[in-house]
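Descriptive analysis of the structure
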Amino acid sequence: MVQVKIPTPLRKYTAGSGGVEAEGGTVAALVDDLERRFPGLKDRICDESGQVRRFVNIFVNGEDIRFLKHLDSALKAGDELSIVPAIAGGR
Amino acid sequence: MPSALQLVGNTPLVELRTIRDGVAPGVRLLGKLEGFNPGGSVKDRPALRMIEDGLASGRLTPGKTILDSTSGNTGIALAMVGAALGYPVELVMPSNVSAERKQVIAAYGAKVVFSDPLEGSDGAIRLCRKILADNPEKYFKPDQYNNPANPLAHYETTGPEIWRQTEGAVTHFVAAIGTSGTIMGTGRYLKEQNPAVQVIAAEPDDAFHGLEGLKHMATSIVPGIYHEEELDQKIGIATDEAYTMVYRLGREEGLLLGQSSGAVLVAALQVARELDEGTIVLLFPDFGDRYLSTNLWRGWPQREA
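Numbers given for residues are sequential positions, taken from 1 along each chain in its written order. Ligands are numbered from 1 and chains lettered from A, in the order in which they are written. Local features are withheld for residues below a pLDDT of 70 in this predicted model, meaning they are given only at 70 or higher, and side-chain atom pairs are given and counted only at 80 or more; totals for whole chains, interfaces and linings count all residues.

1. A word on the overall build of chain A
Note the threshold: In this description a helix means any DSSP run of H or I spanning at least four residues, a strand means any run of E spanning at least two, and both kinds are numbered starting from the N terminus. Both definitions apply: the radius of gyration is a C-alpha atom measure, and the globule rule equals 2.2 Å times residues to the power 0.38. Exposure classes come from backbone-placed C-beta atoms, where a residue is buried if 20 or more other C-beta atoms lie within 10 Å of its own, exposed if 12 or fewer do, and partly exposed in between. Any two residues are considered in contact once their C-beta atoms, placed from the backbone, lie within 7 Å.
If you tally the helices and strands in chain A, you get 2 helices and 5 strands. In chain A, the succession of α and β elements from N to C terminus is β-β-α-α-β-β-β. A compact globule built from 91 residues would reach a C-alpha radius of gyration of about 12 Å, and chain A, at 12 Å, matches this within 12%. Dimensions along the principal axes, computed over C-alpha positions, put chain A at roughly 35 × 25 × 25 Å. Expressed as a percentage of its 91 residues, the buried residues of chain A come to 36%. Of the contacts formed within chain A by residues at least 6 apart in sequence, a portion of 47% connects residues at least 24 apart.

2. Some remarks on the overall build of chain B
Helix and strand counts for chain B come out as 10 helices and 10 strands. Taking 305 residues into account, the globule formula puts the C-alpha radius of gyration at 19 Å, and chain B, at 18 Å, falls close to it. Each principal axis of the C-alpha distribution contributes one length, and for chain B these read about 55 × 45 × 35 Å. Within the span of chain B, comprising 305 residues, buried residues form 54% of the whole. Residue pairs at least 24 apart in sequence account for 73% of intrachain contacts in chain B once pairs closer than 6 positions are excluded.

3. A look at helix α7 (residues 181–193) of chain B
All names here are of chain B. For the record, the criterion: Between the first and last residue of a helix there are one fewer steps than residues, each counted as 1.5 Å, and that sum is the expected span.
Relative to the 18 Å expected for 13 residues at 1.5 Å per residue, α7 spans 19 Å between its end C-alpha atoms, a close match to the ideal helical length. Along α7, the positions that sit buried rather than exposed are Gly181, Thr182, Ile183, Met184, Gly185, Thr186, Gly187, Tyr189 and Leu190. Buried positions along α7 lie against α2 (44–57), α6 (149–165), β7 (172–176), β8 (198–204) and β10 (277–284).

4. Things to note about the packing of helix α3 (residues 73–85) of chain B against helix α4 (residues 99–107) of chain B
All names here are of chain B. The following threshold applies: The axes used here are C-alpha line fits, helices contributing only the stretch in contact, and every angle between their N-to-C directions lies in the interval 0 to 180 degrees. Each angle is binned into one of four classes, with values under 35 degrees roughly parallel, values over 145 roughly antiparallel, values of 65 to 115 roughly perpendicular, and all other values oblique. Two helices that cross are described as forming a left-handed crossing if the nearer one is turned anticlockwise from the farther one by less than a right angle, and a right-handed crossing if clockwise. Here the term charged refers only to Asp, Glu, Lys and Arg, the term nonpolar to Ala, Val, Leu, Ile, Met, Phe, Trp, Tyr, Cys and Pro, and the term polar to all other amino acids, Gly among them.
Direction vectors running N to C along α3 and α4 enclose 15 degrees, while the axes themselves pass 9 Å from each other. Viewed along their axes, α3 and α4 adopt a mutual orientation that is roughly parallel. For the pair α3 and α4, the sense of crossing is left-handed. For the pair α3 and α4, the contacting residues are Gly75, Ile76 and Ala79 in the first and Arg101, Val104 and Ile105 in the second. Across the contact of α3 with α4, the residue classes tally to 4 nonpolar, 1 polar and 1 charged.

5. Quick notes on α3 of chain B
All names here are of chain B. End to end, α3 covers 18 Å across 13 residues, agreeing with the expected 18 Å (1.5 Å per residue, within 8%). Taking burial as the measure, the 13 residues of α3 include 10 buried ones, the bulk of the element. Three or more residues of α3 are buried, namely Asn73, Thr74, Gly75, Ile76, Ala77, Leu78, Ala79, Met80, Val81 and Gly82. Positive backbone phi, at 85 degrees, marks Gly86, one or two positions downstream of α3.

6. Quick word on the domain arrangement of chain B
Residues and elements named next belong to chain B. Keep this limit in mind: Residue ranges for the domains originate in an automatic or database domain assignment.
Each assigned domain of chain B is listed here: domain 1 (3–36 + 157–303) and domain 2 (44–140). For domain 1 versus domain 2, the distance between C-alpha centres works out to 24 Å. Tallying the contact residues gives 18 residues for domain 1 and 16 residues for domain 2. Contributing elements (two or more residues each) for the side of domain 1 that touches domain 2: α1 (3–6) and α6. Of the residues contributing to the side of domain 1 that touches domain 2, the split by class is 7 nonpolar, 8 polar and 3 charged.

7. With respect to the sheet that holds strand β1 (residues 2–5) of chain A
All names here are of chain A. Applied cut-off: We call two strands paired when DSSP finds no fewer than two bridges between them.
Strand order in this open sheet of 5 strands is β2-β1-β5-β3-β4, and the pairing throughout is mixed. Looking at the sheet topology across the chains shown, the edges are occupied by β2 (19–22) and β4 (63–64). Relative to strand β5 (residues 80–85), strand β3 (residues 56–60) is paired through 5 bridges, and the arrangement is antiparallel. Across the sheet, Val56 pairs through a bridge with Pro85, a residue of β5. Each of β1, β2, β3 and β5 touches helix α1 (residues 27–37); the most contacted strand, β2, lies at about 110 degrees to it.

8. Quick look at the interface of chain A and chain B
Taken together, the contact pairs 19 residues of chain A with 34 residues of chain B. Here the side of chain A that touches chain B is built from residues that sort into 9 nonpolar, 4 polar and 6 charged.

9. Here we look at the nonpolar core
Residue and element names in this part refer to chain B. Under the convention used in this document: The term nonpolar core refers to a set of buried Ala, Val, Leu, Ile, Met, Phe, Trp, Tyr and Cys residues connected through C-beta atoms within 7 Å.
Residues Val174, Val264, Ala268 and Leu282 are the most contacted members of the largest nonpolar core, which totals 82 residues. Considering each element in turn, this core owes the most residues, 8 residues, to helix α9 (residues 259–272). Viewed by domain, this core spans two of them, domain 1 (3–36 + 157–303) and domain 2 (44–140), each represented by three or more residues. Residues contacting Val174, with those up to four places away along its chain left out, are Ile200, Ala202, Val264, Ala267, Ala268, Val271, Ile280, Leu282 and Leu283.

10. As for the packing of α2 of chain B against α3 of chain B
Residues and elements named next belong to chain B. In the contact formed by α2 and α3, the axes pass within 8 Å of each other and the chain directions differ by 50 degrees. Taken as axis vectors, α2 and α3 run oblique relative to one another. The way α2 lies across α3 gives a crossing that is right-handed. Listed contacts from α3 to Asp44, Ala47, Leu48 and Ile51 of α2 are Thr74, Ala77, Leu78, Met80, Val81 and Leu85. Of the residues assigned to the contact of α2 with α3, the class counts are 8 nonpolar, 1 polar and 1 charged.

11. Let's talk about the confidence of the model for chain B
Basically, it comes down to this: One number per residue, pLDDT, summarises how confident the predictor is, and it ranges from 0 to 100.
Chain-level pLDDT for chain B is 93 on average; 97% of the residues reach the 70-or-more range. Across the predicted assembly, pTM comes out at 0.91 and ipTM at 0.89.

Set out below in C-alpha cells:
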C-alpha cells in the first residue's frame, strides 16, 4: 500500500481524512485506485484527457513527478505520495 | 509621507480591444492595472490604510512588529510599507507560495514564518493567530480579513478613481475575491454614486483550485469584512479557464498579468455577453512577473490546446 497525503480542499472526498492508503505500480494506476475508493477525486486532479491539471503538484517520496516520469512514475509499497495544490489560496 | 507611499493608487485604466468574444460593440471592457502600484499589487492600498489606521489609533507604536497571515501580495505590500515607515514586519504564509513572492518579501527586509501547504491559507491564518496569542504585546496585526480599514481603502481610493476615470459611465464592476476588501469597498462607493452599478465577484469554482490569492467562500474561513448580500452576482471560475485567459492577455492584448486577472476576465466576458451596452471595469490585481516560476507557466506552450 502507498500512503497518500490529501490536501484540505480534497478531504470532502475522503470523509475528512488527510492520509489514506491506495495501491498502484505507477502514479496513474494509483490515481485510478484512489478514484475507485473515493469517487470524484480523480476529476479534481486530472483533466478530461487524463493529464494532471496544471495547478496540481504530485510528489512521490518528496520528489515532484515532473522530474520523474509524470504519471508513469513507479511506486512501491511503503512509498508516500502527496497531492499538493500549487498555490496557497487567500492573500 | 515618504515618496514611495505617495505612489500608491491612481492606477491607469486600459481598454481591452481584442479579447471580446461574443461581446456587442456597445460594451466596453476596461481593465484597471493595479500592478502599477509601488509594491506591485492592489494590496498596497489596504496595507497602507491599515497601517495608517494603526498608527492613528495608537495600536501600532514604535517598537512593535507588524504581523499578518498572507499568501503573498499583502505580505509584499506590508513589507514595503513597513520598510518605508521603519517598522519590522513578520509574515505567515504557506510554504508553497511562489518563489518570487518569498524573494521580494525578503528584499524588503521582512521575516517569513511558513505554514503547512496542505492547509492552504486557512492554515496560515490559524498559525498567525497562535503566534499573536503567544506574544500579544510584541505585535500589531492589521488583520486584513476583518479590518474595516481594508475595504475603506478601496471606498476612499479605488472606487473614486474608477468613477472619475469612467466619468461616471461605469455600469459593472468585476473583481476577484480574496479578503473581499476590494469588491466590498469599491462596490459600496460605486453604488453610492449610482445604485444601478452591478457588482460582480469572481471566485474559484471549487475549493481545490490554482488561483493564488482567491478564496472559494463556501469552503473557507469567511472574512469578517465579507458581506455577500452586497454583491449582485458571484461567478465560479475554473482554474484552467483563468490560466488560458492569462496566456491570451499576453499574446493578444500585450498585457502580462497574474492569474486573478485571468479569472476576472473570464467572469467579465460572461457578464458582457448578456449586454447590448455597458462600461465594465475589471480589477486586474497584479502583473504576471511574480508568477513566472509557478505552475501557471510551467510547460505551457506544449500543453496549450
